[in-house]
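# Structure at a glance
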Protein chains: 2
Amino acid sequence: MSAYVALEARFRRASLIQEAASILHWDQAVMMPEGSAESRAEQIAALSLVGQEIVTAADMPDLLEMAQEEVLDAWQEANLREMRRQWVRQTALPSALIAARARADSACEIAWRSARSASDYAAVLPLLKEVVRLTREAGHAQAAVLDVSVYDALLDQFEPGGRVADIDPVFDDLADFLPDFVARVLDHQAACPPVPLEGPFPVPRQEALGRRFMATLGFNFDKGRLDVSHHPFSGGTPEDIRVTSRYDDADFLTGLLAVLHETGHAQYEAGLPAAWRHQPVGASRGMTLHESQSLLIEMQVCRSPAFVSWAAPLMAEAFGGEGPAWSADNLLSLMTRVARGLIRVDADEVTYPAHVILRYRIERAVLGGDVSLEDLPAAWNEGLADLLGIRPPDDRRGCLQDIHWYSGAWGYFPTYTLGAMAAAQLFSAAKAANTDIEAGIERGDFTPLFTWLRSNVHEHGSRFSTNELLTRATGRSLGSSAFKAHLKERYSSN
Amino acid sequence: MSAYVALEARFRRASLIQEAASILHWDQAVMMPEGSAESRAEQIAALSLVGQEIVTAADMPDLLEMAQEEVLDAWQEANLREMRRQWVRQTALPSALIAARARADSACEIAWRSARSASDYAAVLPLLKEVVRLTREAGHAQAAVLDVSVYDALLDQFEPGGRVADIDPVFDDLADFLPDFVARVLDHQAACPPVPLEGPFPVPRQEALGRRFMATLGFNFDKGRLDVSHHPFSGGTPEDIRVTSRYDDADFLTGLLAVLHETGHAQYEAGLPAAWRHQPVGASRGMTLHESQSLLIEMQVCRSPAFVSWAAPLMAEAFGGEGPAWSADNLLSLMTRVARGLIRVDADEVTYPAHVILRYRIERAVLGGDVSLEDLPAAWNEGLADLLGIRPPDDRRGCLQDIHWYSGAWGYFPTYTLGAMAAAQLFSAAKAANTDIEAGIERGDFTPLFTWLRSNVHEHGSRFSTNELLTRATGRSLGSSAFKAHLKERYSSN
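Please read all numbers here as calculations on a predicted model, not as lab measurements. Residue indices follow the written sequence of each chain, beginning from 1 at its first position. Starting at A for chains and at 1 for ligands, labels are handed out in the order in which the entities are written. The predicted origin of the model limits local features to residues at a pLDDT of at least 70 and limits the giving and counting of side-chain atom pairs to 80 or more, whereas totals for whole chains, interfaces and linings rest on all residues. Excluding hydrogens and water, the side-chain figures rest on all heavy atoms present in the structure.

The next subject is the overall build of chain A. Each helix corresponds to a stretch of at least 4 residues labelled H or I by DSSP, and each strand to a stretch of at least 2 residues labelled E; elements are numbered beginning at the N terminus. Check the secondary structure of chain A and you find 20 helices and 3 strands. Since a compact globule built from 494 residues should have a radius of gyration of about 23 Å, the 23 Å found for chain A is in line with a globular shape. In terms of principal-axis extent, the alpha carbons of chain A reach across some 70 × 50 × 45 Å. The buried share among the 494 residues of chain A stands at 56%. By definition, residues are in contact when any of their heavy atoms lie within 4.5 Å. Sequence separation of at least 24 residues holds for 73% of the intrachain contacts in chain A that already meet a minimum separation of 6. Per element, the accessible surface of chain A, about 19,500 Å² overall, is 52% carbon and sulfur. Neither His nor the chain ends contribute to the count of charged residues, in which Lys and Arg are positive and Asp and Glu negative. For this purpose, a charge sits on NZ of Lys, CZ of Arg, CG of Asp or CD of Glu. Within chain A, the 66 negative side-chain charges are centred at a point lying 0 Å from the centre of the 45 positive side-chain charges. Computation of the radius of gyration draws on C-alpha atoms, with the globule rule given as 2.2 Å multiplied by the number of residues to the power 0.38. Buried residues are those whose accessible area, probed at 1.4 Å on protein chains only, stays under 20% of the maximum for their type, while exposed residues exceed 50% and partly exposed ones sit between those limits. The method behind every accessible area is Shrake-Rupley, applied with a 1.4 Å probe, and residues are considered shielded solely by the protein chains displayed.

This part covers the nonpolar core. Ranked by size, the top nonpolar core spans 128 residues in total, and within it Phe 307 and Met 315 of chain A carry the most contacts. When near neighbours in sequence (up to four residues on either side) are disregarded, Met 315 of chain A contacts Leu 209, Phe 213, Phe 252, Leu 253, Leu 256, Trp 326, Leu 331 and Met 335 of chain A. For the purposes of this section, nonpolar cores are sets of buried Ala, Val, Leu, Ile, Met, Phe, Trp, Tyr and Cys residues that join through side-chain atoms within 4.5 Å. In this structure, Val 124, Leu 449, Phe 464 and Phe 483 of chain B belong to the second largest nonpolar core, which totals 123 residues.

Centres within 6.5 Å are what make two rings of Phe, Tyr or Trp a pair, Trp counting through its six-membered ring; a difference in plane orientation under 30 degrees is then read as stacked, over 60 as edge-to-face, and the rest as tilted. This structure, assessed with the given rule, holds 46 aromatic pairs over all chains. Ring geometry for Phe 252 of chain A against Trp 326 of chain A: centres 5.7 Å apart, planes inclined by 5°, an arrangement best described as stacked. Of this pair, Phe 252 of chain A sits in helix H10 (residues 252–270) while Trp 326 of chain A sits in the loop between helix H12 (305–319) and helix H13 (328–335), placing them 74 residues apart in sequence. Assigned by exposure class, Phe 252 of chain A and Trp 326 of chain A land together as buried. The interplanar angle of 15° and the centroid separation of 6.1 Å between the aromatic rings of Trp 112 of chain B and Tyr 406 of chain B together place this pair among those described as stacked. Of the two residues, Trp 112 of chain B sits in helix H5 (residues 95–118) while Tyr 406 of chain B sits in the loop between helix H15 (376–388) and helix H16 (414–433), which places them 294 residues apart along the sequence. You'll find Trp 112 of chain B and Tyr 406 of chain B in the same group, each marked buried. In this structure an aromatic cluster arises from ring pairing among Phe 158, Tyr 352, Trp 380, Trp 405, Trp 410, Tyr 412, Phe 413 and Tyr 416 of chain A.

A word on the interface of chain A and chain B. Taken together, the 36 residues of chain A in the interface contact 36 residues of chain B. Accessible area that two parts lose when put together, evaluated with a 1.4 Å probe and summed over both, is termed the buried area. In this assembly, chain A packs against chain B so that about 2,800 Å² is buried in total across both faces, 55% of it on carbon and sulfur atoms. Broken down residue by residue, the surface that chain A buries against chain B is led by Arg 13, Met 31 and Gln 43 of chain A, which jointly contribute 18%. By definition, a salt bridge exists where a carboxyl oxygen of Asp or Glu is found within 4 Å of a side-chain nitrogen of Lys or Arg. The interface formed by chain A and chain B includes 8 salt bridges. The partner of Arg 242 of chain A in a salt bridge is Asp 27 of chain B, with the nearest N and O atoms 2.8 Å apart. When residues of the side of chain A that touches chain B are traced back to their parent elements, those giving at least two are helix H1 (3–30), helix H2 (37–55), strand S1 (224–228) and strand S3 (240–245) of chain A. Among the elements that make up the side of chain A that touches chain B, the one with the highest residue count is H1 of chain A (10 residues). Under this grouping Gly is polar, as are all residues other than the nonpolar Ala, Val, Leu, Ile, Met, Phe, Trp, Tyr, Cys and Pro and the charged Asp, Glu, Lys and Arg. Tallied by class, the residues present in the side of chain A that touches chain B amount to 14 nonpolar, 7 polar and 15 charged.

It is worth spelling out the sheet that holds strand S2 (residues 234–237) of chain A at this point. Residue and element names in this part refer to chain A. One open sheet accounts for 3 strands, arranged S1-S3-S2; its pairing is mixed. Edge strands, defined here as strands with exactly one partner in the open sheet, are S1 and S2. Within this sheet the neighbouring strands show an average axis-to-axis angle of 20°, counted without direction. The pairing of S1 with S3 spans 5 bridges and is classified as parallel. Bridged to Arg 225 within S3 is Arg 242. Paired strands are those between which DSSP finds at least two bridges. To obtain an axis, a line is fitted to C-alpha atoms, over the contacting stretch when the element is a helix, and the angle between two such axes runs from 0 to 180 degrees between their N-to-C directions.

Attention shifts here to the confidence of the model for chain A. Close inspection of predicted coordinates is inappropriate for parts of the model with low pLDDT. pLDDT is a residue-level measure of predictor confidence that goes from 0 to 100. Predicted confidence across chain A gives a mean pLDDT of 96, with 100% of residues reaching 70 or more. Predicted complex metrics record ipTM = 0.94 and pTM = 0.95.

To superpose the copies, least squares is applied to the C-alpha atoms of every residue with a pLDDT of at least 70 in both. Overlaying chain A on chain B yields an RMSD of 0.0 Å, the required transformation being a rotation through 180° with an accompanying axial translation of 0.0 Å. The relationship between the two copies is best expressed as a two-fold rotation axis.

Attention shifts here to helix H16 (residues 414–433) of chain A. The end-to-end C-alpha distance of H16 of chain A, which contains 20 residues, comes to 28 Å, matching closely the 28 Å that a straight helix rising 1.5 Å per residue would cover. Taken across its 20 residues, H16 of chain A has 16 buried, putting it largely inside the fold. Expected span, for any helix, means 1.5 Å times one less than how many residues it has.

The next point concerns the pattern of salt bridges. All names here are of chain A. Within this structure, the stated rule accounts for 66 salt bridges over all chains. A salt bridge links Arg 85 to Asp 156; the nearest nitrogen and oxygen atoms lie 2.6 Å apart. Here Arg 85 is found in helix H4 (residues 74–92), whereas its partner Asp 156 is found in helix H7 (residues 150–158), with 71 residues between them in sequence. Residue Arg 85 is classed as partly exposed on the basis of its relative accessible area, which comes to 21%. Each of Arg 81, Glu 82, Arg 85, Arg 89, Asp 156, Arg 163 and Arg 285 takes part in salt bridges that share partners, so that together they form one network.

Another point: helix H2 (residues 37–55) of chain B. Between its first and last C-alpha, H2 of chain B extends 27 Å over 19 residues, near the 27 Å set by a 1.5 Å rise per residue. Taken together, the buried positions of H2 of chain B are Ser 39, Arg 40, Gln 43, Ile 44, Ala 46, Leu 47, Val 50, Gly 51, Gln 52, Ile 54 and Val 55 of chain B.

Next up on the list: the environment of Arg 13 of chain A. For Arg 13 of chain A, the position within the fold is in helix H1. When the C-alpha positions of Arg 13 of chain A and Val 356 of chain A are compared, they lie 36 Å apart, and in sequence the two are 343 residues distant.

Right, let's get into the packing of helix H8 (residues 164–190) of chain A against H16 of chain A. All names here are of chain A. Where H8 contacts H16, the axes come no closer than 12 Å and their chain directions differ by 75°. Taken as axis vectors, H8 and H16 run roughly perpendicular relative to one another. Of the residues in H16, those touching H8 at Ile 167, Val 170, Phe 171 and Leu 174 are Pro 414, Thr 417, Leu 418 and Met 421. When its residues are assigned to classes, the contact of H8 with H16 shows 7 nonpolar, 1 polar and no charged. By the definition adopted for this analysis, an angle is roughly parallel if under 35 degrees, roughly antiparallel if over 145, roughly perpendicular if from 65 to 115, and oblique otherwise.

Moving on: the state of the cysteines. Cysteine sulfur atoms are paired as a disulfide whenever they fall within 2.5 Å. Considering all chains together, one arrives at 0 disulfides over all chains under this definition. This cysteine, Cys 108 of chain A, is not joined by any disulfide, and Cys 399 of chain A carries the nearest cysteine sulfur, 12 Å off.

All names here are of chain B. Spatial ordering of the open sheet is given by S1-S3-S2, a layout of 3 strands whose pairing is mixed. The two strands at the open ends of the sheet, each matched to only one other strand, are strand S1 (224–228) and strand S2 (234–237). Pairs of neighbouring strands in the sheet enclose a mean axial angle of 20°, with direction left out of account. Sheet strands touched by helix H10 (residues 252–270): S1, S2 and strand S3 (240–245). Its angle to S3, the strand with the most contacts, is close to 165°.

Time to look at the pairing of S2 of chain B. All names here are of chain B. Here S2 runs beside S3; their pairing, made up of 4 bridges, is antiparallel. If you follow Ser 234 over to S3, its bridge partner there is Val 243. Hairpin connection between S2 and S3: a loop of 2 residues separates the two successive antiparallel strands.

All names here are of chain B. Counting through the fold element by element, Ser 229 comes out in the loop between S1 and S2. For the purposes of these results, a polar contact is taken to be a pair of N or O atoms within 3.5 Å, where, inside protein, one atom must be able to donate a hydrogen and its partner to accept one; residues adjacent in sequence count only when each atom of the pair is a side-chain atom. Separated by 2.6 Å, the side chain of Ser 229 and the backbone oxygen of His 231 make a polar contact. The residues touching Ser 229, leaving out its near neighbours within four places in the chain, are Ala 29, Val 30, Thr 244, Ser 245 and Arg 246.

Take a look at the structure:
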């Protein structure tokens, strides 16, 4: 048996184990009784350890070396590259450090839940210090083998190939562009406020409408489900996709747009190359492209006049809505309303980058030692005031609002805005390549759009780097121009 | 590190992997979309292979040997014995045979589903032949290492230590006893038919009543759930127990008694020794004791006058029932109605053993070569006529009705009736040991009963053999006398 074939068998098993863990994660969020959390954590830890042992087996360097000498086609070459990438990352960290991080992250995350409710940053600070200490240690270890900076090494976990040197110029550009732009949009929107919708909107009808739209987007319910969880997500496996949302009977748009967002993630997974299932090259490329697929659907498509003109009557029908509030124009106004808010997850697409840039700058400063964790709340409040002109009255609505840092996910935040930029760039290229894409959306036909996304994004899996893929699909590497053009078109002209 | 401690770590991991598989099985039966079946089978196969590799690792014989020389307490000794048992069983089978069986069983089970609907035994016969051929091969391999007969080796998978030599006399005794007894009960019951209940019984109310009774039985919903599946089962893990039932809005008793039955299984798992979680000695003892716990609750307790006198008003309240049909006496009559029927899963406790003895005798004859698979339908129909005086009009209601043989579970059937006998023997001993058990049931208080079951059955895990455990708990090894006494008391006197 060739070394390459042996490697495929090993990674296939690691993928199946990872899929089992993924279903257990879904179950934990959607089904599991609360008292079972501890035992579930043990099951998932065992699966994760088994997967890690497969990838870091003692003979892996030899196999990787030998496979490099074999005759491989382009996909196999890319697969071997991704195998090596996993091996390098996982062997970089001593297992004692992995275990220590898992414990510290978990302890801090639990403490964060009550600290957030109580708006008590001091209560979680000692645990956060430990998380950051270990994150830095892991970052150093990975930076050494990847030959990049500590922050790049952390970012690289979520966005392979993502580098500060590429992000800084586009984020600086956005940070310059946004303050004036936001001010103009707010002025403009203040002149023509939308008519509010009158609830209540019964949850079963919201869910039924979500399912209807999912089906229209091509979601295959024979290989997937829609359920309810505390935070919306898309999980499971490419052949068993588990989408979740949450519903508020006073407001159906938030839950519905979450369904659409997660369906974008789901369709990316469903469109990954079937021939490379269970192989590293068959997996999604990284968080930037993943978020680009959800934001392309939620932001670019579903908050567009084309989609809303088709969807408005279905929304009205679902809730028995009548009158001017339910016109496509008014619904579109409601769906593109901009506001300076304190909470990232509630932010519109115009102000969202400010939240991300704030976090990106702070996490770099903290990891670089320029801001101490004691000073983090102050840095947050100053930073938000600079970027968005508002100041959190407490840490609950400030630096305690997001789980990421407290659960050890340092280096994750930039991918949200990188994803938003990639979404704009991809959708613009798609519409230019096929004029029936927008016309299709207007008649509720997403086939032209997904045909383009399949062949330009989904079916490449991890064959190319994010920037290679974007260059092939859009003619250039990731930048802010399509995103800014999109914002200007949508928010300056209506 | 001592060899014994090393073994504990390995079996702990194998148990965690097995628990993950168990949650995936539940998900498959309750949640999974249909189109994901194939990918789920691959995930479960990968987990099963990982577990098998842990137990059959090359250095296991050395570790087991070395541990034998170490100073161990009684629980550790028993744990080591159970570890060795797993190792012996799993190494007895070449992995090619395990894989071939998995494939043959799965192919036959799928074919059986349509063959049963079409009542077409010939359609599944070639696949069944392959299943039996491989089952026999596996039985021979295990018989050789266990030094028992092929049938005993197969039975031993489900009922450790179960032997034909012990079963034959009790089954023969029951087979002698039942025909006249059934005839007398039927005569007796014909004289006083119960008043039928008038439905419909809305499913949400059935489920709510099931939950209420589960809570009364001590089921901990903080570490367990109740859901719906095609066939009722109790799965999950001891700290995350997943009970299922199914409901028919024309008949609430069947679904409710299935809930109670599965809750008996669930309470056994919940009561296993916490100090030995994830160790072989901490697991349930075997199918006989497992079935004894479900039947003790469903048959011995919940169809008793004591329980029904407490439960009847709650049932009436749940469905707004009024009048003589809802009296405790009438509900009890409905719950203890005996009939000669063709279908095992619908059988009452009096005629049930006939169904089991039929299958037990046939599977021994088939495996022993005394009945060919071509002649199986005829042997079935003859056998049922002999044992129960009725004859299936087609194979759908005859030898095609149960999944067991077609999915490779040869040697399983006897445990149902062994469980029924054990249930009678345990409940009789429990009532004799503590007179408040029956009084407690009459007031909806199951604490006295479960206190006895915990300390006499559940918390021993797999420390003793089934017969040792029964002897300690009831003063004698498993026999038919308590079961016959129970049947006589319940069915001859009312």
